[in-house]
Amino acid sequence: MFFMTDPAEFTVTLAQLNPTVGDIAGNVARARTARASAAADGAQLIVFPELFISGYPPEDLVLKPAFQAACRAAVEELARDTADGGPAMLIGSPWVDGGKLYNACALLDGGAIAAIRFKVNLPNYGVFDEKRVFCRGPVAGPVTIRGVRVGVPICEDTWMEESADYENVVECLAETGAEILIVPNGSPYARDKADLRLSVQVARVTESDLPLIYVNQVGGQDELVFDGASFALNADRTLAAQLPAFEESLATLRWVNGDAGWRCDGPIAPVLDGDQADYAACVLGLRDYVNKNGFPGVLLGISGGIDSALCAAIAVDALGVERVRGVMLPFRFTAQVSLDDAAKLAGALGFNYEVLPIAQAVNGFEEILAGTFKGLPRDITEENLQARTRGTLLMAISNKTGAMVVTTGNKSEMSVGYATLYGDMNGGFNPIKDIYKTEVFRLSSLRNAWKPDGALGPSGEVIPVNIITRPPTAELRENQTDQDSLPPYEILDGILARLVEQEQPLADIVAAGYERDTVVRIDRLLNIAEYKRRQAAPGVKVTRKNFGRDRRYPITNRFRDSGAPLREPDATLLSRSQRTTSEAFEG
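What this report covers is the structure whose coordinates are included nearby. (Residues numbered from 1 in each chain as written. Predicted model: local features only at pLDDT ≥ 70, side-chain atom pairs only at ≥ 80, totals over all residues. Heavy atoms only, no water.)

### As for the nonpolar core
One finds Phe 246, Tyr 279, Leu 286, Leu 345, Phe 351 and Ile 463 to be the most contacted residues of the largest nonpolar core, which totals 52 residues. For this core, the secondary structure elements donating two or more residues are α5 (274-292), β16 (298-301), α6 (306-319), β17 (324-328), α7 (336-349), α11 (437-449) and α12 (465-469). Element by element, the count of residues in this core is highest for α6, at 11 residues. Apart from residues no more than four positions distant in its own chain, Phe 351 is found in contact with Ile 302, Ala 312, Val 316, Val 321, Val 324, Arg 325, Gly 326, Leu 345 and Ala 346. Counting residues in hydrophobic clusters, the runner-up holds 38 residues, among them Ala 15, Ala 79, Leu 101 and Phe 128. (Core = buried A, V, L, I, M, F, W, Y, C linked by side-chain atoms within 4.5 Å. Buried < 20%, exposed > 50% of the residue type's maximum accessible area, 1.4 Å probe, protein only. Helix = DSSP H or I, 4+ residues; strand = E, 2+ residues; numbered from the N terminus. Contact = heavy atoms within 4.5 Å.)

### Considering unusual backbone geometry
Both trends apply: most residues other than glycine have a negative phi, and most peptide bonds are in trans. Of note, the amide linkage connecting Tyr 56 to Pro 57 takes the cis form, showing an omega dihedral of -5°. Within the element layout of this structure, Pro 57 appears in the loop between β2 (45-47) and α2 (65-81). Unusually for a residue other than glycine, Phe 246 sits at a positive phi of about 65°. Within the element layout of this structure, Phe 246 appears in the loop between β13 (239-242) and β14 (249-258). Phi at Tyr 422 is positive, roughly 65°, even though this residue is not glycine.

### Focus: the packing of aromatic side chains
The final tally for this structure, using the stated rule, is nine aromatic pairs. With a centroid separation of 4.1 Å and an interplanar angle of 10°, the aromatic rings of Tyr 102 and Phe 118 are classed as stacked. Within this pair, whereas Tyr 102 is found in strand β4 (residues 100-109), its partner Phe 118 is found in strand β5 (residues 112-118), the two being separated by 16 residues in sequence. Under the relative-accessibility criterion, Phe 118 is labelled buried at 15%. Aromatic side chains Phe 331 and Phe 333 sit 5.8 Å apart centroid to centroid with 75° between the ring planes, which places their arrangement in the edge-to-face category. In this pair, the class of Phe 331 matches that of Phe 333, namely buried. (Phe/Tyr/Trp six-rings, centres within 6.5 Å; stacked < 30°, edge-to-face > 60°.)

### Things to note about a nonpolar patch on the surface
Residues Leu 198, Leu 239 and Ile 268 make up a contiguous nonpolar surface patch of roughly 230 Å² in combined accessible area. If you trace the backbone, Leu 239 turns up in strand β13. (Patch = residues over 30% accessible without salt bridge, like charges linked within 9 Å, V, L, I, M, F, W, Y side chains within 5 Å. Areas by Shrake-Rupley, 256 points an atom, 1.4 Å probe, with all protein chains shown as cover. Salt bridge = Lys/Arg side-chain N within 4 Å of Asp/Glu carboxyl O.)

### With respect to empty space enclosed by the protein
With the rule as written, the count across this model stands at two cavities of 30 Å³ or more. Roughly 100 Å³ of internal volume is contained in the largest cavity. In terms of lining residues, the largest cavity is bounded by 13 residues, among which Tyr 56, Pro 57, Glu 59, Asp 129 and Glu 130 are the most central. By volume, the second largest cavity amounts to about 30 Å³. Per-element tally for the lining of the second largest cavity: the top contributor is strand β10 (residues 218-221), with four residues. Among the residues making up the lining of the second largest cavity, the classes are represented as five nonpolar, seven polar and one charged. (1 Å grid on protein atoms, 1.4 Å probe; cavity = no way out; pocket = protein on both sides within 12 Å on 5 of 7 lines; lining within 4 Å. Points joined across faces, edges and corners; volume = space filled by probe spheres on them. Nonpolar A, V, L, I, M, F, W, Y, C, P; charged D, E, K, R; others polar.)

### What to know about the sheet that holds β14
Adjacent strands of a sheet form backbone hydrogen bonds with each other and so pair up, either parallel or antiparallel. Strand order across the open sheet formed by seven strands is β5-β4-β3-β2-β1-β14-β15, with mixed pairing between neighbours. The open sheet has two edge strands with one neighbour each: β5 and β15 (261-263). The sheet shows a mean angle of 35° between the axes of neighbouring strands, taken without regard to direction. Relative to β2, strand β1 (residues 9-16) runs parallel, the two being bridged by three bridges. Within β2, the residue paired with Val 12 across the bridge is Leu 45. Each of β3 (88-97), β4 and β5 is contacted by α2, which is oriented at about 150° to β3, the strand it contacts most. (Pairing = 2+ DSSP bridges. Axes fitted to C-alpha atoms, helices over the stretch in contact; angles between N-to-C directions.)

### Structural notes on the pairing of β14
Looking at chain direction, β1 and β14 are connected through eight bridges and run antiparallel. The residue of β14 that forms the bridge with Ala 15 is Leu 250. The loop that links β14 with its antiparallel partner β15 comprises two residues.

### What about the pairing of β17?
As a general feature of sheets, a regular strand has side chains that alternate between the two faces. Taking burial as the measure, the five residues of β17 include four buried ones, the bulk of the element. The β-α-β motif built from β16, the intervening α6 and the parallel element β17 has right-handed crossover chirality. Each parallel crossover has a hand, and for β17 linked through α7 to strand β18 (residues 352-355) it is right-handed. (Right-handed = clockwise from strand over helix to strand, strands pointing away.)

### Considerations on the side chain of Thr 389
Tracing the backbone shows Thr 389 in helix α9 (residues 380-401). Looking at Thr 389, its side chain comes within polar contact range of the main-chain oxygen of Leu 385, at 2.7 Å. Contacts of Thr 389, omitting those with residues within four sequence positions, involve Ile 358, Ala 361, Val 362 and Phe 365. (Polar contact = N/O pair within 3.5 Å; in protein donor to acceptor, adjacent residues only side chain to side chain.)

In structure tokens:
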């Protein structure tokens, strides 16, 4: 009688790659190249991130029947490749089955589609809205790959724990004989996200007593940046492997089947965190937005201030000096120190730099408007004319050269509307849109002491120290500073973090030690600036709640927090049936 023996070794390549949404042919080509590398390493299986064929997230593009058909044809094409006896493939793709659209992962082996698994738990929070486009898949058992029973929970299938309709996919896989879990992911970067991912996956390993491989994509997709940082855990929760963050990586892990089950001792790469991770995310986000959309380079206004300086450093690190162009657009309120600092910045970073005075254009606009404005006092309107003139000139150069304008407003300014619509808000992308002003100072100092691996800019002090230490100013009137209009940034950013990221009531913010009048004023500015933010360029998401994909408030909105302490609900006003429903839900 013949008995099958369990395999003693399972060799898996993690393909932490950078797909492009909609570039099905390009993504297939990347998959083939990676598979050839995995074959050379002796891998039995190569694993790709979630929805790799389509790119993630495909948003409503995935609803187009032609796109669905093209994705399926690509999977079938790759399946035929596996007839060569090389590594099997686990690869994500949209998949239509029975007239329903699923977020799927296909096992390709032996020249065929050997198995399909569908995502069960669909995220519907923050930047995710998969319930709009995908159907919920059934809970299924493991797939067998070269004799190993592999569970394939897809991303959110290992994350959700408290939703009323959550299905414990990992528990089902453990109960139906899985020996190892492989989790394809499209998990975007947010500050401190790596620690959260690891803790969530450690919990799944603890519950299942199974080793786990977590494969995440890398790269920028519009406002999202995917940091990779894929990893593997042994069943005893020790780290089996760690891939680097913010760069493509192929790693072949050799799992050995011993008395305690499958175990791996793979490479452990250092992973960036804190301000270094934020800076690397800004660089990668800008690089991919420019490259994936086919721009030859970027253009930005250089003011001599810290925001444009940091954006210039990010742009040079992302694209190289030959693809970055800076323009100083001075007016009569531009101080000589600003001109000097801007020139020093351009010299330190090495990008192409020119000075275009704007007095003739601004004065021309004022002359045209003189009759219309007759009898009216000068005010912010004339200040905004300067910003709008600069925006018009930058867009003209962009139109002529094809270079994309990088806009440079930080999150503090975007929060309170301290920006000019169709002026300094002009541009195609903003790498620091989700970075508060106090963080801009930190990242600028950081860049002078460090740069991420793969950055194309020079090392050393690239942002003149005077730019970092000088009080911020828009220079739209004589002796202007930001603090003429705003609280000190340490106070402003503290209030904004509580209003935006934490959604704290005003009473709680005041109780934390902030002046009530200041809190009320900042809350008002935050609310009335929503119409500006809707028209702002996209930018890299860094925090847990950015403007755009995360925080979507109505423009027309009359609700205002009164600042009074919140009252407890009055349960006595509920009918008997409502109380029963409420009590049952809470239980």
